Amino acid sequence: MSVWEALAILAAGIGAGTINTIVGSGTLITFPVLLATGLPPVTATVSNALGLVPGSLSGAIGYREELRGQGRRVRTLAVAAALGGVIGAVLLTLLPPTAFETIVPVLVALALVLVVLQPRISAAVRRRRERRGTASGAADVGPALFCGLLLASVYGGYFTAAQGILYLSLMGMLLNDTLQRLNAVKNVLAAIVNSIAALFFLFVADFDWAAVLLIAVGSAVGGQIGAKVGRRLPPAVLRTVIVVVGVSAIVQLLLR
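Scope of this entry: the structure provided in the associated data block. (Residues numbered from 1 in each chain as written. Predicted model: local features only at pLDDT ≥ 70, side-chain atom pairs only at ≥ 80, totals over all residues. Heavy atoms only, no water.)

Topic: the pattern of salt bridges
Taken as a whole and judged by the stated rule, the model has one salt bridge. For E65, the salt bridge goes to R68, with nearest N and O atoms at 2.9 Å. (Salt bridge = Lys/Arg side-chain N within 4 Å of Asp/Glu carboxyl O.)

Concerning helix α4 (residues 53–62)
Every buried residue of α4 is listed here: V53, G55, S56, S58, G59 and A60. Residues of α4 that are buried in the fold lie against α1 (3–22), α3 (41–51), α9 (179–204) and α10 (209–229). (Buried < 20%, exposed > 50% of the residue type's maximum accessible area, 1.4 Å probe, protein only. Helix = DSSP H or I, 4+ residues; strand = E, 2+ residues; numbered from the N terminus. Contact = heavy atoms within 4.5 Å.)

Side note on empty space enclosed by the protein
This structure, assessed with the given rule, holds two cavities of 30 Å³ or more. Space inside the largest cavity adds up to approximately 150 Å³. Looking at the lining of the largest cavity element by element, the count peaks at four residues for α9. For the lining of the largest cavity, the per-class residue count stands at two nonpolar, 15 polar and one charged. Its volume calculated, the second largest cavity comes out at about 30 Å³. Lining the second largest cavity are T45, A49, L92, G156, G157, Y158, F159, T160, A197 and F201. Contributing elements (two or more residues each) for the lining of the second largest cavity: α3, α7 (143–158) and α9. The element contributing the most residues to the lining of the second largest cavity is α7, with three residues. (1 Å grid on protein atoms, 1.4 Å probe; cavity = no way out; pocket = protein on both sides within 12 Å on 5 of 7 lines; lining within 4 Å. Points joined across faces, edges and corners; volume = space filled by probe spheres on them. Nonpolar A, V, L, I, M, F, W, Y, C, P; charged D, E, K, R; others polar.)

Comments concerning the nonpolar core
Counting 66 residues, the largest nonpolar core has L149, Y155, F159, M171, L189 and F201 as the members making the most contacts within it. Ranked by the residues each element gives to this core, the list is headed by α9, at nine residues. With residues near it in sequence (within four places) discarded, F159 still touches T27, F31, T45, F100, V104, L107 and V108. (Core = buried A, V, L, I, M, F, W, Y, C linked by side-chain atoms within 4.5 Å.)

Here's what the structure looks like:
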């Protein structure tokens, strides 16, 4: 790995940690950078999953004030996140690399669609809150949300891009709470899925440890940036960056 490649991975880690804390989809930044350095898709994915764990934890800590009073909600959804993360990680290691290379472009494209549609999802959530009022009850996780979060976490354990957007859209539609508080829960769930998947990968997959370290340092810094100043960044700018980087990832995968 050259110095410039190392700097690119570190910068991608900072960007991913920042965006993951704010909205999700940070993998769409780190994944194509890792591919550009010559890593195979599966190695890039497992190295990325392990490297993003510090960033997820950093973002969750940064949102700790919004987590107050949500203990029961978080504990319930954490079960779905942990189960889904394990299933997704197992699927990644059991399916042949050719299957992964076929599936990932589709998953990235799905993630980009979700990123583009996020303003409409947020508007629908806002209208729903305005009709029903805002409450902060934590004991409101029903079967539909639990199952939806479980499936979203399977996707997250397999390929993390846009899992945060899936979490926010599901919780926003099925819970009556503020988006900032739900975003805090999202950061905890993402940390759980990334940690569970990374722990599993430690025993069964090959990592690029230099890439893991660079992403870990960068994402930890980015997690704090996202928690402190991310809300001030124009959402349209973030979505544009994610879409551009995501399209480049699809092109790289299809040309390999």
